[in-house]
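Spelled out, the chains give:
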Amino acid sequence: MANVAGTFLEIIAEDDEESTAALRRRLFRESPKEKLIRWVMGTAYACQPKRLPDVPYLLWNMATDMARGGTRVPSEATTHARPDTFAGVCRDISPETIIAAARRGFFPWAHVGPLKWWTRSERMVLTPADFRHSKDAKRLMRRGTYRVTFDEAFEEVVKACAQPRKGRPLLTWITPKIMRLYSALHDMGVAHSFEVWSADDRLVGGGYGIAVGRVFYTESQFSRESNTSKIGFGCLNHHLAKWGFVLNDGKDFTPTISAMGFRTIPRPEFEQILAEHGTQTPRAGRWAVEDDLAAIADAPPAPGVKS
C-alpha cells in the first residue's frame, strides 16, 4: 500500500512539473512586435539627455569586456564609475551566478542587447519592520476586500510585471530570458512572489524578488486595481520582519517606495550588510502567509516609525 501511495504521489508531481513547464512556455514569450517595441523604447531610454553622456562609456566598456569573454560573476574589480555602476556583460549567466552576484550587491539588467551586471553607488533600502502602510491600503486590508498569498502564482506574477503599465512607456527589462532565470531560482526556493487576489479570485496585484541570506531583493511589482501592490508588499515586509530579514533592497529611488519607508544608503554600507547577513536564509523553500491582513494593518509601527 505504501508503494502504491508513493507511486501515486510521484505521478502527481510529474503532472505538476509538466503543467508548470507548459505554463512557462506559454507565458514566457515575446512576439516580434513586442521585441521591436522594446528595442525602440530601450534605445530611446538610453538616449535621454541625462543618460546620453554615459552611452559612449557603456559601449566602450561593453566592447572591452566582451573581448575578454564577458563577466561570469561581477566584483569590485569589474565595476566602472560610468555608467553608475556597470560591472560587465553577463557570461554564462545562470541561477547560481545570479545568487553569487547578489551576495556582492550586483544584479542582471538590460532593456536591449546582452544582459549586463550592475550595482549602484547608493541603494534604496528598507528595514522590513519600518514599512509604512498607506491609509488607503490599511483600510482595504481591514475590510477584507482582498487576500494575499505567497508563491502560488509565480509565473503569472512575473509575466504581469513585464506587461505595460497604464500611462507609462511600453518598456520592460523583464524579458523571456529573465523570466526563465528567475523561475529557475523560484524552483530552488530562492525567488518568491506575493499575489493579491480579489473576492472573485482574480490576480489583481503582486510582485517578486529573491532572498539572499537575510536580505530580500525586490525585483518588480504590479497593480491592476488601486493599492493592490501596496497591500501585498506590506504583507510581504511584515513577514520578512517576522522571519528575521534585516533588509529589503529596492535598488533605485522612487517617490512611491520612499513613502513606504525606504531610504538611501551608500554602496559600502550595503555591501557590509551583505557580508554579514548574505549567506544563511532564515526561510528556505516555498513561503506561505502566516498572518491575516487585518492583523497586519493593526500591528503597531516599529519604534520611531510614523504610521
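Residues numbered from 1 in each chain as written. Predicted model: local features only at pLDDT ≥ 70, side-chain atom pairs only at ≥ 80, totals over all residues. Heavy atoms only, no water.

**Let's talk about the overall build of the chain**
In terms of helices and strands, the chain carries eleven helices and ten strands. In the chain, once contacts between residues fewer than 6 apart in sequence are set aside, the share between residues at least 24 apart is 75%. Carbon and sulfur atoms provide 56% of the accessible area of the chain, an area that totals close to 15,600 Å². (Helix = DSSP H or I, 4+ residues; strand = E, 2+ residues; numbered from the N terminus. Contact = heavy atoms within 4.5 Å. Areas by Shrake-Rupley, 256 points an atom, 1.4 Å probe, with all protein chains shown as cover.)

**Some remarks on helix α4 (residues 95-102)**
Where burial is concerned, most of α4 is hidden: six out of the eight residues are buried. Looking only at α4, the buried set comprises P95, T97, I98, I99, A101 and A102. (Buried < 20%, exposed > 50% of the residue type's maximum accessible area, 1.4 Å probe, protein only.)

**A look at the packing of aromatic side chains**
On inspection of all chains with the given rule, the structure shows 13 aromatic pairs. Between F86 and W118 the ring centres are 5.5 Å apart and the planes differ by 65°, which places this aromatic pair in the edge-to-face class. Of this pair, F86 sits in strand β1 (residues 86-89) while W118 sits in strand β3 (residues 116-118), and the two are 32 residues apart along the sequence. Taking relative accessible area as the criterion, F86 reaches 0% and is therefore assigned buried. Members of the aromatic cluster, connected to one another through ring pairs, are F150, F216, W243, F245 and W287. Residue placement shows R51 over the ring face of Y45; its charged tip is 3.7 Å from the ring centre. Taking the ring centre of F107 as reference, the NZ or CZ of K251 above it sits at 4.9 Å. (Phe/Tyr/Trp six-rings, centres within 6.5 Å; stacked < 30°, edge-to-face > 60°. Lys NZ or Arg CZ within 6 Å of the ring centre and 35° of its normal.)

**Observations concerning the side chain of S220**
Residue placement: S220 occurs in strand β8 (residues 215-223). You can call S220 buried: its relative accessible area is 11%. Among the polar contacts listed, one links the side chain of S220 to the side chain of R165, at a separation of 3.5 Å. Dropping the residues within four chain positions of it, S220 is found in contact with C161, R165, I174, G207 and Y208. (Polar contact = N/O pair within 3.5 Å; in protein donor to acceptor, adjacent residues only side chain to side chain.)

**Re the sheet that holds β3**
Hydrogen bonds along the backbone pair up the strands of a sheet, which may run parallel or antiparallel. Here we have three strands laid out as an open sheet, ordered β1-β3-β2, and antiparallel in their pairing. Every interior strand has two partners, whereas the edge strands, β1 and β2 (107-109), have only one. Averaged over all pairs of adjacent strands, the angle between their axes in this sheet comes to 35°, without regard to strand direction. Direction of pairing for β2 relative to β3: antiparallel, over a ladder of three bridges. (Pairing = 2+ DSSP bridges. Axes fitted to C-alpha atoms, helices over the stretch in contact; angles between N-to-C directions.)

**Looking at the confidence of the model for the chain**
Counting all residues, the mean pLDDT for the chain is 92, and 93% of those residues have values of 70 or more. A low-confidence stretch, residues 7-13 (pLDDT under 50), is modelled with zero contacts involving residues beyond four sequence positions or located in other chains. (pLDDT = per-residue confidence, 0-100.)

**Considerations on the sheet that holds strand β9 (residues 247-251)**
In spatial order, the strands read β5-β6-β7-β8-β9-β4-β10; together these seven strands make up an open sheet with mixed pairing. Either end of the sheet is taken by a strand with one partner, and the two such strands are β5 (147-150) and β10 (263-266). On average, adjacent strands in this sheet sit at an angle of 35° to one another, irrespective of strand direction. With four bridges joining them, strand β4 (residues 122-126) and β10 adopt antiparallel strand pairing.

**As for the packing of helix α6 (residues 154-162) against helix α7 (residues 176-187)**
Interaxial distance between α6 and α7 falls to 11 Å at its minimum, and their mutual angle equals 150°. Between α6 and α7, the angle is such that the two are roughly antiparallel. When the axes of α6 and α7 are compared, the crossing they make is right-handed. Where α6 approaches α7, its residues F154, E155, V158, K159 and A162 are matched on the opposing element by M179, Y182, S183 and H186. (Parallel < 35°, antiparallel > 145°, perpendicular 65-115°, else oblique. Left-handed = near helix turned anticlockwise from the far one by under 90°.)

**Some thoughts on unusual backbone geometry**
Cis geometry marks the peptide bond from R82 to P83; its omega dihedral reads -10°. Position of P83 among the secondary structure elements: in the loop between α3 (55-67) and β1. With an omega of -15°, the peptide bond running from D84 to T85 counts as cis. Locating T85 in the fold gives a position in the loop between α3 and β1. Even without being glycine, D92 reaches a positive phi, approximately 50°. Tracing the backbone through its elements, the reader meets D92 in the loop between β1 and α4. Using a relative accessible area of 55% as the deciding quantity, one classes D92 as exposed. For D151, which is not glycine, the phi dihedral falls at a positive 60°. Inspection of the secondary structure assignment puts D151 in the loop between β5 and α6.

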